[in-house]
There are 2 protein chains.
Amino acid sequence: MGNYAIFVNLRKHLEETDHFTDEEFEKIVSFLTPVKLNKKDFFVRQGDHCGYLAFVNSGCLRAFHTDSNGEEFTLYFAFLNWWTGDKTSFYSGSPSRFSVQALEETEILRADRTKWETALDTIPLFEKWYRVKTRKSYEATQQRIIDMQSQSAQEKYLNLLRKAPEIVHRIPQHYIASYLGIKPQSLSRIRKNIAKGK
Amino acid sequence: MGNYAIFVNLRKHLEETDHFTDEEFEKIVSFLTPVKLNKKDFFVRQGDHCGYLAFVNSGCLRAFHTDSNGEEFTLYFAFLNWWTGDKTSFYSGSPSRFSVQALEETEILRADRTKWETALDTIPLFEKWYRVKTRKSYEATQQRIIDMQSQSAQEKYLNLLRKAPEIVHRIPQHYIASYLGIKPQSLSRIRKNIAKGK
DNA sequence: ATGATTAGTTAACCTAGGTGAATGGATTCA
DNA sequence: TGAATCCATTCACCTAGGTTAACTAATCAT
């Protein structure tokens, strides 16, 4: 089975919620393909079919939607131990509603549709794990809607700083702005206001 | 088994995606309790444990979050054939992040946690149905984030009118405003602008 | 029926964030 | 190593939507 080191994170991640036997884990791993992405490589482009899901093993990706005016909006950043890909597209074959692009050199474990289905069908614990995972993603997305609505841009930025400093410090500011739903100039202004004690 | 009429919608709803045998369907139904809600009754209050999920059989509910300033934001309206309830709270026992309140006299089919688990565990097709359903909710929520971000209030309102006229015409305007993320006065202004040809 | 809340509208003014343009620093790439 | 981008910042001005408050039309409760 060759290089196990690159599956260490995955195992730790899976075992945060469930305990998998070595056998089960090796089976899961056999359905995944390690892939390297260079900075700016796309994992999937909006409009294309998203044929894969990906587990982030190192590096960082950005998922973003481009609207009809060409404006980008960042849905999320995917770091170590995140899963990414447009599930709607993955499952139904519809065009992906967002792009996912590497912000730096990034290593992912890639699952294609048929392998994924086989994994879910043949490893009951994995299926259970995935069900809970999907539910949690749903909950996080619902929470994001609430947060988007109930906070000013400055509050959102300060909260991001508190809850995820690694995002703020690792990622170019114009992407942070696009995550907060504002323009880079506005983020600059907000940062200036914060610097001089609001 | 008494009154089957109130389960007709549920059956049609389930069979949109999967075909259930009479046996399976009766089993599912046996895990549900019909409940009547009067106008303004709460199905769950934000902060309380959400002990149930509900299928809407008639009437209409509103799911809304109240933020720290007391401002309400409507997450969605639940009509015929919608499911509602805060799943996070339902599954983990955490406080519900939003309230769900009847906007008119409403009939729901209510599932409590243990019954629901039993249904999922003992009816594989139901489990499969539920998995797909959860995924679709997730996708819809992700789409809502995209829409919230990429449209002005006026565009959101016009789109809502196009895509869901029954919402706009059945529901008091201040709730529509809170769904769009604006104040009732602003919705009035927008409606006036639209009336005089933008 | 009648007074009392609740819903919708309008208007004058305010503010957070957008726009466009200019500047300087940092990367990238030939 | 130098031209070309790209990134972050600043500023002057603009605009969508918020705020306050007044007025009217509906609903509701007794």
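Draft legend 1. Quick look at the sheet that holds strand 8 (residues 106-112) of chain B. Residues and elements named next belong to chain B. Strand order in the open sheet formed by four strands is 1-8-3-6, and the pairing between neighbours is antiparallel. On the outer flanks of this sheet lie strand 1 (33-37) and strand 6 (83-84), each paired with one strand and no other. As paired strands, strand 3 (residues 52-58) and strand 6 are joined by two bridges and run antiparallel to one another. For Phe55, the partnering residue across the bridge sits in strand 6 and is Trp83. Across the sheet, helix 4 (residues 113-122) is in contact with strand 3 and strand 8; its angle to strand 8 comes to roughly 75 degrees.

Draft legend 2. Representation of the protein's contact with DNA strand C in the model. Surrounding DNA strand C, one finds 16 residues, the nearest of these being Ala153(A), Ile182(A), Ser186(A), Gln173(B) and Ser188(B). At the level of elements, helix 6 (153-163) and helix 9 (184-195) of chain A together with helix 8 (173-180) and helix 9 (184-195) of chain B are the ones that each hand at least two residues to the surface near DNA strand C. At six residues, the largest contribution of residues to the surface near DNA strand C is made by helix 9 of chain B. Its residues assigned to classes, the surface near DNA strand C shows four nonpolar, eight polar and four charged.

Draft legend 3. Summary view of the environment of Glu166(B). Residues and elements named next belong to chain B. By the secondary structure assignment, Glu166 is in helix 7 (residues 165-170). By C-beta crowding, Glu166 is classed as exposed, having 11 other C-beta atoms within 10 Å. Linking Glu166 and Phe79, residues 87 residues apart in sequence, is a C-alpha distance of 9.8 Å.

Draft legend 4. Structural view of the interface of chain A and chain B. Between chain A and chain B, the contact holds 25 residues from the first and 25 residues from the second. With 15 residues, helix 5 (residues 124-150) of chain A is the largest single contributor of residues to the side of chain A that touches chain B. Classifying every residue of the side of chain A that touches chain B by side-chain character gives seven nonpolar, ten polar and eight charged.

Draft legend 5. Inspection of the protein's contact with DNA strand D at higher detail. Looking at DNA strand D, there are 16 residues lining it, with Gln173(A), Ser188(A), Ala153(B), Ile182(B) and Ser186(B) nearest. Going through the elements one at a time, helix 8 (173-180) and helix 9 of chain A together with helix 6 (153-163) and helix 9 of chain B are the ones with two or more residues in the surface near DNA strand D. For the surface near DNA strand D, the leading source of residues is helix 9 of chain A, giving six residues. The residue inventory of the surface near DNA strand D, partitioned by class, reads four nonpolar, eight polar and four charged.

Draft legend 6. Just the packing of helix 8 of chain A against helix 9 of chain A, in detail. Residues and elements named next belong to chain A. Packing of helix 8 against helix 9 leaves a shortest axis separation of 8 Å and a crossing angle of 95 degrees. Taken together, the axes of helix 8 and helix 9 are roughly perpendicular relative to one another. Residue-level inspection shows Gln173, His174, Ile176, Ala177 and Leu180 of helix 8 in contact with helix 9, the latter providing Pro184, Ser186 and Leu187. Residues of the contact of helix 8 with helix 9, tallied by class, amount to five nonpolar, three polar and no charged.

Draft legend 7. Layout of the relation of the copies chain A and chain B. For the pair chain A and chain B, the superposition axis carries a translation of 0.0 Å, the fit reaches an RMSD of 0.0 Å, and the rotation angle comes to 180 degrees. The transformation just described matches what one would write down for a two-fold rotation axis. Taking C-alpha positions as the reference, the residue of chain A nearest the rotation axis is Tyr138(A), at 2.4 Å. Counting the interface residues of chain A, we find that 100% of their copies in chain B are interface residues as well, pointing to one common contact surface.

Draft legend 8. Representation of the packing of helix 6 of chain A against helix 9 of chain A. Residues and elements named next belong to chain A. At a minimum axis distance of 10 Å, the contact between helix 6 and helix 9 shows a crossing angle of 75 degrees. In terms of orientation, helix 6 lies roughly perpendicular with respect to helix 9. Of the residues in helix 9, those touching helix 6 at Ala153, Gln154 and Tyr157 are Ser186, Leu187 and Ile190. Grouping the constituent residues of the contact of helix 6 with helix 9 by class yields four nonpolar, two polar and no charged.

Draft legend 9. Molecular detail of the pairing of strand 8 (residues 106-112) of chain A. Of the pairings in the sheet, the one linking strand 1 (residues 33-37) of chain A to strand 8 of chain A comprises five bridges and is antiparallel in character. Residue pairing for strand 8 of chain A: Lys36(A) is matched across the bridge by Glu107(A).

Draft legend 10. Local environment of the environment of Thr122(B). Inspection of the secondary structure assignment puts Thr122(B) in helix 4. Given 13 C-beta atoms within a 10 Å radius, Thr122(B) is considered partly exposed.

Draft legend 11. Representation of helix 9 of chain B. Spanning twelve residues, helix 9 of chain B covers 16 Å between terminal C-alpha atoms, matching the ideal 16 Å at 1.5 Å per step. Gly197(B) occupies a position one or two residues after helix 9 of chain B and carries a positive phi of about 50 degrees.

Draft legend 12. A look at the sheet that holds strand 5 (residues 72-78) of chain B. Residue and element names in this part refer to chain B. Taken together, the four strands give an open sheet; going across it, the order is 2-7-4-5, and neighbouring strands pair in antiparallel fashion. Since the sheet does not close on itself, it has two edges, and those belong to strand 2 (42-44) and strand 5, each with one partner. Between one strand axis and the next, the sheet turns through 30 degrees on average, direction left out of account. The strands touched by helix 8 are strand 4 (61-66) and strand 5; relative to strand 5, the strand with the most contacts, the crossing angle is about 105 degrees.

Draft legend 13. Main features of the pairing of strand 7 (residues 99-102) of chain A. For strand 2 (residues 42-44) of chain A and strand 7 of chain A, the ladder comprises two bridges, and the chain directions are antiparallel. Bridge pairing in strand 7 of chain A links Val44(A) to Val100(A).

Draft legend 14. Representation of unusual backbone geometry in the model. Residue and element names in this part refer to chain A. Residues other than glycine seldom take positive phi values, yet Asn81 does so here, at roughly 75 degrees. In this fold, Asn81 is placed in the loop between strand 5 (72-78) and strand 6 (83-84). On the basis of neighbour counts, which here come to 14 C-beta atoms within 10 Å, the residue Asn81 falls in the partly exposed class.

Basis of the calculations
- Residues numbered from 1 in each chain as written.
- Chains lettered and ligands numbered in written order.
- Predicted model: local features only at pLDDT ≥ 70, side-chain atom pairs only at ≥ 80, totals over all residues.
- Pairing = 2+ DSSP bridges.
- Helix = DSSP H or I, 4+ residues; strand = E, 2+ residues; numbered from the N terminus.
- Contact = placed C-beta atoms within 7 Å.
- Axes fitted to C-alpha atoms, helices over the stretch in contact; angles between N-to-C directions.
- Near = placed C-beta within 6 Å.
- Nonpolar A, V, L, I, M, F, W, Y, C, P; charged D, E, K, R; others polar.
- Buried ≥ 20, exposed ≤ 12 C-beta atoms within 10 Å, placed from the backbone.
- Parallel < 35°, antiparallel > 145°, perpendicular 65-115°, else oblique.
- Least-squares fit on C-alpha atoms with pLDDT ≥ 70 in both.
- Expected span 1.5 Å × (residues − 1).

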